[in-house]
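Structural overview for review
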Amino acid sequence: MRYTSAAIETLIEEFSKLPGIGRKTAQRLTMYILQQPPSSAGRLAGALIDIKEKVIRCSVCQNVTDRDADPCYICCGTGRDRSIICVVESPVDVLAFEKTGHYKGQYHVLHGLISPLDGIGPDDIRLRELLIRFDNPHHEDIPVKEVVLALSPTVEGETTSLYISRQLKPYGIVVTKIARGIPVGAELEFIDEATLSRAMEGRFAV
Ligand code: ZN
């Protein structure tokens, strides 16, 4: 069943491409927008364009940041412990740790995990950018003493953790892993804040 307006069909189609959005939800969103004043739709359209034009990856930690705020506010932040870097898979994980309010160190966002079965190797994620942070000590005001691996306890997460800890060996940096309070196979972003805090506190050397 198709609508008699091509514009409506186009928007439904675009919404349907988003993760977790089926055709029914896409129709509901489209109808909602149709009922809103033009200014409201304009703000939504503007926000969609802005996110592609203004958001970049921080040149240091690879987390998302605005074009005019690079390095990001966490990399530049006073009161952040610059001797520790927490390695995570995605920007959502940074948000999860920040929400706990306990972790005050730096981050490094990989934007993916090594997954040989999917053809994703070390060069396909932001791993080189992590190693550069140690190759160029002037990059960091205070030398990094510890790298915490906070990757999901999945096969891909474990493979990536193992690879990183091997790569960091020559640098003489303490490499730790967050504790196992996290259920095996769980995605980090769905873990509650208390569990995540405990996992960080209970990290152990690898
Ligand atoms: Zn940054």
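Residues numbered from 1 in each chain as written. Predicted model: local features only at pLDDT ≥ 70, side-chain atom pairs only at ≥ 80, totals over all residues. Heavy atoms only, no water.

Side note on the environment of Ile74
Among the secondary structure elements, Ile74 is positioned in helix α4 (residues 73-76). Under the relative-accessibility criterion, Ile74 is labelled buried at 4%. For the pair Ile74 and Gly105, spaced 31 residues apart in the sequence, the C-alpha separation amounts to 8.5 Å. Contact partners of Ile74, with chain neighbours within four places excluded, come to Arg80, Val94, Glu98, Gly105, Gln106 and Tyr107. (Helix = DSSP H or I, 4+ residues; strand = E, 2+ residues; numbered from the N terminus. Buried < 20%, exposed > 50% of the residue type's maximum accessible area, 1.4 Å probe, protein only. Contact = heavy atoms within 4.5 Å.)

A closer look at a negative patch on the surface
A surface patch of like charges, here negative, comprises Asp118, Glu156, Glu187 and Glu189. Looking at the secondary structure, you find Glu187 in the loop between β6 (174-177) and α8 (193-201). (Patch = residues over 30% accessible without salt bridge, like charges linked within 9 Å, V, L, I, M, F, W, Y side chains within 5 Å. Areas by Shrake-Rupley, 256 points an atom, 1.4 Å probe, with all protein chains shown as cover. Salt bridge = Lys/Arg side-chain N within 4 Å of Asp/Glu carboxyl O. Lys, Arg positive; Asp, Glu negative; His and termini not counted. Charge placed at Lys NZ, Arg CZ, Asp CG, Glu CD.)

A few points about the packing of aromatic side chains
Here the structure, examined in full by the defined rule, presents three aromatic pairs. Ring pairs connect the aromatic residues Phe97, Tyr103 and Tyr107, which therefore count as one cluster. (Phe/Tyr/Trp six-rings, centres within 6.5 Å; stacked < 30°, edge-to-face > 60°.)

Thoughts on the coordination of the zinc ion
The zinc ion binds to the protein through Cys58 (SG), Cys61 (SG), Cys72 (SG) and Cys75 (SG), with metal-donor distances spanning 2.3 to 2.4 Å. Geometry at the zinc ion is tetrahedral, judged from its four donor atoms and the angles of 104 to 117° they form at the metal. The sequence pattern describing where the donors of the zinc ion fall on their chain is C-x2-C-x10-C-x2-C. Of this pair, Cys58 sits in the loop between β1 (55-57) and β2 (64-66) while Cys75 sits in helix α4, placing them 17 residues apart in sequence. A single burial state applies to Cys58 and to Cys75, both of which are buried. (Donors = N, O, S within 2.8 Å, 3.2 Å for Na, K, Ca; no water. Tetrahedral: all angles 85-135°; square planar, octahedral: opposite > 155°, others 65-115°.)

Details of the sheet that holds strand β5 (residues 146-149)
Spatial ordering of the open sheet is given by β4-β3-β5-β6-β7, a layout of five strands whose pairing is mixed. If you trace the sheet from one side to the other, it starts and ends with β4 (106-109) and β7 (204-205), each paired once. In this structure, β5 lies alongside β6, joined through four bridges in parallel fashion. Note that in β6 the partner of Val148 across the bridge is Thr176. (Pairing = 2+ DSSP bridges.)

Observations regarding the packing of helix α5 (residues 91-100) against α8
Look at α5 against α8: their axes get within 9 Å of each other, and the N-to-C directions meet at 90°. Here α5 is positioned roughly perpendicular relative to α8, judged by the angle of their axes. Side by side, α5 and α8 meet where Ala96, Phe97, Lys99 and Thr100 of the first sit next to Glu193, Leu196, Ser197 and Met200 of the second. Looking at the contact of α5 with α8, its residues break down into four nonpolar, two polar and two charged. (Axes fitted to C-alpha atoms, helices over the stretch in contact; angles between N-to-C directions. Parallel < 35°, antiparallel > 145°, perpendicular 65-115°, else oblique. Nonpolar A, V, L, I, M, F, W, Y, C, P; charged D, E, K, R; others polar.)

Brief notes about the pattern of salt bridges
A side chain with one charge can pair with a side chain of the opposite charge if their charged atoms come near. As enumerated under the stated definition, the model contains nine salt bridges in all. When the shortest N-O distance is used, the salt bridge between Arg80 and Glu98 registers 2.9 Å. You can see Arg80 sitting in the loop between α4 and β3 (84-88) and its partner Glu98 sitting in helix α5, a full 18 residues away along the chain. Overall, Arg80 belongs to the buried group, its relative accessible area being 15%. For Glu158, the salt bridge identified is with Lys177, shortest N-O distance 2.8 Å. Here Glu158 is found in helix α7 (residues 155-168), whereas its partner Lys177 is found in strand β6, with 19 residues between them in sequence. When its relative accessible area of 15% is taken as the criterion, Lys177 is described as buried.

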